[in-house]
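Below are the chains, spelled out letter by letter.
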Amino acid sequence: MRNPPPRVPHRPVPNRAADALAPAEAEARFTAELASVVAGARRRAHRDADTQIDTAHLLHSLLETDPEVRAVFDGAQLARVLGYLVQRSIGYGLRWQGTVEDSGALPVIRGRAVAGWSPPAVTAMSGALERAARRGAPRAGGVDLLAALASDASCRAVEVLERAGVDSLSLAARLACSPPPSRQVS
């Protein structure tokens, strides 16, 4: 009879998405505009009596704060997207109140949650940091976050974009293959 192989102790797998949002490390990797977006999203979530920042909060703050992101959309698209976001607290967004955004894009955050953030928002922020790193940029910016948001087809931000007539697949594809653009999307 052979002896069984020795047991290797289980070591937890690092959670890059959750670790990326550790306040000191993450904020050091954001542009000033993106740090302002996060602060705005946090205020918006608090004002809406939401327990977590979700991707719609991030999108709303992103469009209000970052001129590079606004330049991605034509005037009519921007107005429609902002219109849907403003209606969030008085219209269709009421069904979101009291619920946790979970697009299914990240089935489990390896046992760790980031307090005050929905799982898709954590994924989007992590995606923004990764996109900036792939571009060789020292800091993630607003267009990096927009690209990450647009690539999660079932998050709340994409729902808003689609309702406003923005083709999120086209937006994600255009942003994936280009540096921060100044062109408009359809």
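For the structure itself, look to the data block above.
Residues numbered from 1 in each chain as written. Predicted model: local features only at pLDDT ≥ 70, side-chain atom pairs only at ≥ 80, totals over all residues. Heavy atoms only, no water.

Counting 45 residues, the largest nonpolar core has L59, F73 and L145 as the members making the most contacts within it. Secondary-structure elements contributing two or more residues to this core are α3 (32–47), α4 (55–65), α6 (75–86), α7 (119–135), α8 (142–150), α9 (156–163) and α10 (168–176). Residues contacting L145, with those up to four places away along its chain left out, are L34, V37, L58, L62, A124, M125 and A128. (Core = buried A, V, L, I, M, F, W, Y, C linked by side-chain atoms within 4.5 Å. Buried < 20%, exposed > 50% of the residue type's maximum accessible area, 1.4 Å probe, protein only. Helix = DSSP H or I, 4+ residues; strand = E, 2+ residues; numbered from the N terminus. Contact = heavy atoms within 4.5 Å.)

Now for the environment of R156. As for its position among the elements, R156 is in helix α9. With relative accessibility at 8%, the residue R156 sits in the buried group. The spatial distance from the C-alpha of R156 to the C-alpha of P120 is 8.8 Å, given a sequence separation of 36 residues.

Glancing now at the pattern of salt bridges. In total, this model carries five salt bridges according to the counting rule given. Residue E64 pairs with R44 through a salt bridge whose shortest N-O separation is 2.8 Å. Within this pair, whereas E64 is found in helix α4, its partner R44 is found in helix α3, the two being separated by 20 residues in sequence. Given the relative accessible area of 46%, E64 is considered partly exposed. (Salt bridge = Lys/Arg side-chain N within 4 Å of Asp/Glu carboxyl O.)

Moving on to the packing of α7 against α8. Relative placement of two packed helices is described by the angle separating their axes and the distance separating the axes. For the pair α7 and α8, the least separation of the axes is 8 Å and the interaxial angle reads 120°. With respect to their mutual orientation, α7 and α8 come out oblique. Here the hand of the crossing between α7 and α8 comes out right-handed. Where α7 approaches α8, its residues A124, M125, G127, A128, R131, A132 and R135 are matched on the opposing element by V143, D144, L145, A147, A148 and L149. The class makeup of the residues in the contact of α7 with α8 is nine nonpolar, one polar and three charged. (Axes fitted to C-alpha atoms, helices over the stretch in contact; angles between N-to-C directions. Parallel < 35°, antiparallel > 145°, perpendicular 65-115°, else oblique. Left-handed = near helix turned anticlockwise from the far one by under 90°. Nonpolar A, V, L, I, M, F, W, Y, C, P; charged D, E, K, R; others polar.)

Another aspect to go through is the side chain of R44. What makes R44 buried here is its relative accessible area of 12%. For R44, the side chain forms a polar contact with the side chain of E64, separated by 2.8 Å. In contact with R44, other than residues within four places in its own chain, are H57, H60 and E64. (Polar contact = N/O pair within 3.5 Å; in protein donor to acceptor, adjacent residues only side chain to side chain.)

We now examine the packing of α4 against α8. Look at α4 against α8: their axes get within 11 Å of each other, and the N-to-C directions meet at 145°. For the pair α4 and α8, the sense of crossing is left-handed. Contacts between α4 and α8 involve T55, L58, L59 and L62 on the former and, on the latter, G142, L145, L146 and L149. Residue composition of the contact of α4 with α8, grouped by class: six nonpolar, two polar and no charged.

Moving on: the environment of R80. Topologically, R80 is positioned in helix α6. Accessibility expressed as a relative area gives 39% for R80, which makes it partly exposed. Sequence spacing of R80 and V166 is 86 residues, and the spatial spacing of their C-alpha atoms is 9.3 Å. One polar contact links the side chain of R80 to the main-chain carbonyl oxygen of A164, over a distance of 2.8 Å.

This part takes up α4. Of all eleven residues that make up α4, nine are buried, and the element is covered over most of its length. Every buried residue belonging to α4 is among T55, A56, H57, L58, L59, H60, S61, L62 and L63, and all of these are buried. On its buried side, α4 packs onto α3, α5 (67–70), α6, α7, α8 and α9. Its side-chain oxygen at 2.9 Å from the backbone nitrogen of A56, D54 defines the N-terminal cap of α4.

Tracing the sequence through the fold places L63 in helix α4. What makes L63 buried here is its relative accessible area of 1%. Taking C-alpha positions, L63 is 7.7 Å from L82, a pair spaced 19 residues apart along the chain. The contact partners of L63, leaving out residues within four places of it in the chain, are V69, R70, F73, L78, V81, L82 and L85.

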